[in-house]
Amino acid sequence: MDQPKPYRELPTRLSHGCFGCGSENPHGLRMIFHTDEKSVFSEIVIPDHMVGWKNFAHGGILSTILDEIMGWSAIYLTKNLVLTKSIAVDFLRPVPVGTTLRAEGRISKVRSDREVAMEGFLLNSNGIVHARGKGVFALFKIDAAMKFGIADEKELRELERVFNL
Ligand SMILES: CCCCCCCCCCCCCCCC(=O)SCCNC(=O)CCNC(=O)[C@H](O)C(C)(C)COP(=O)(O)OP(=O)(O)OC[C@H]1O[C@@H](n2cnc3c(N)ncnc32)[C@H](O)[C@@H]1OP(=O)(O)O
């Protein structure tokens, strides 16, 4: 009999155009996410057209992946909506395009009910870390998010429902 998996997919396949995770953006990364309840992770293959010069992924793309994984980790693990306040990335080893990578995000420190520090990692299939990110994210309750006008009420209510925010 199959053992139950110790992780599950996050319900992020909502229809929107986010460059990182939107199913409706044909040029984006289309990331999907899983959680083991302590961290959030995503397997991703960087497509050829996101190359930096030749063979290796563009650093801006790696930064986006780290922003995205830290952002969804912050949403899921703190049960808030988020906006990125700052990120810093260490590029430790070049990342070849076309290979399978694992992005992982977790909480570094909840600083207040409005701010969390996160960390993110980009690893190859042998578990070697190729890039590492640190990020600070503003935390928003639904009503505050509505005031900011970044998403419409229907989208925010959907996020509230599927993430139990
Ligand atoms: C909005 C969410 C939609 C999310 C939808 C789904 C996202 C699902 C994607 C996941 C994946 C992510 C991965 C990529 C995420 C990016 O890429 S996000 C895009 C990049 N980041 C941004 O654009 C952020 C831009 N920065 C800002 O908007 C501002 O700096 C911040 C973060 C709101 C902080 O502003 P600040 O100036 O330090 O704040 P402050 O002066 O203290 O306050 C200004 C006002 O905002 C209010 N405010 C500030 N912070 C808060 C707070 N945390 N709570 C409540 N009110 C606050 C204050 O009360 C104040 O209100 P008023 O007194 O004027 O009425």
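Predicted model, so just to flag it, every value in this text is computed and none were measured.

F33, I46, I65 and L122 are the most contacted members of the largest nonpolar core, which totals 40 residues. Those elements that provide at least two residues to this core are β3 (40-45), α1 (59-78), β4 (81-91), β5 (100-112), β6 (115-123), β7 (129-140), α2 (142-148) and α3 (153-163). In terms of residue count, the dominant contributor to this core is α1 (10 residues).

Considering all chains together, one arrives at 11 salt bridges under this definition. Ionic pairing is found between R8 and E37, a salt bridge with its closest N-O pair at 3.5 Å. Of this pair, R8 sits in strand β1 (residues 8-9) while E37 sits in the loop between β2 (34-35) and β3, and the two are 29 residues apart along the sequence. R102 is paired through a salt bridge with E104; the nearest N and O atoms lie 2.8 Å apart. When salt bridges with common partners are traced through the structure, they connect D143, E153, R157 and E160 into a single cluster.

A few words on the confidence of the model for the protein chain. Confidence in the prediction of the protein chain, expressed as mean pLDDT, is 93, and 99% of residues score 70 or more. Two numbers describe this predicted complex: its pTM, 0.94, and its ipTM, 0.92.

Further remarks concern the pairing of β5. As judged from the six bridges shared by β3 and β5, these two strands associate in the antiparallel manner. Residue pairing for β5: F41 is matched across the bridge by E104. With nine bridges joining them, β5 and β6 adopt antiparallel strand pairing. Residue pairing across strands places K109 opposite A117, the latter belonging to β6.

This part is about the site of the ligand. The ligand sits among 18 residues. The nearest are T84, R114, L139, A144 and F148. Contact distances for the ligand include 3.0 Å between a nitrogen atom and a backbone N or O atom of T84. In the environment of the ligand, an oxygen atom lies 3.4 Å from a nitrogen or oxygen atom belonging to the side chain of R114. For the ligand, the accessible surface in isolation is 1400 Å², of which the surrounding protein chains cover 55%. Breaking the shell around the ligand down by element, the ones donating at least two residues are α1, β4, β7 and α2. Sorting elements by how many residues they give to the shell around the ligand places α1 first, with five residues. In terms of residue class, the shell around the ligand is built from 12 nonpolar, two polar and four charged.

As annotated by UniProt and renumbered to match this structure, "domain: Thioesterase" (unreviewed entry) occupies residues 55-111. The distance from the first to the last C-alpha atom of residues 55-111 is 39 Å, and the span holds 35% helix and 40% strand.

Within the span of α3, buried status applies to L156, L159 and F163. The arc that holds every buried residue of α3, seen down its axis, measures 60 degrees, which confines them to one face. Away from its buried face, by an angle of more than 90 degrees, α3 presents the exposed residues K154 and R161. Each element contacted by the buried residues of α3 is listed here: α1, β4 and α2. A positive backbone phi angle near 55 degrees is found at N164, which sits one or two residues after α3.

Cut-offs applied
- Residues numbered from 1 in each chain as written.
- Predicted model: local features only at pLDDT ≥ 70, side-chain atom pairs only at ≥ 80, totals over all residues.
- Heavy atoms only, no water.
- Core = buried A, V, L, I, M, F, W, Y, C linked by side-chain atoms within 4.5 Å.
- Buried < 20%, exposed > 50% of the residue type's maximum accessible area, 1.4 Å probe, protein only.
- Helix = DSSP H or I, 4+ residues; strand = E, 2+ residues; numbered from the N terminus.
- Salt bridge = Lys/Arg side-chain N within 4 Å of Asp/Glu carboxyl O.
- pLDDT = per-residue confidence, 0-100.
- Pairing = 2+ DSSP bridges.
- Near = heavy atom within 4 Å.
- Polar contact = N/O pair within 3.5 Å; in protein donor to acceptor, adjacent residues only side chain to side chain.
- Areas by Shrake-Rupley, 256 points an atom, 1.4 Å probe, with all protein chains shown as cover.
- Nonpolar A, V, L, I, M, F, W, Y, C, P; charged D, E, K, R; others polar.
- UniProt positions renumbered as here; feature names shortened; annotations may be inferred.
- Arc of directions from axis to C-beta.
- Contact = heavy atoms within 4.5 Å.

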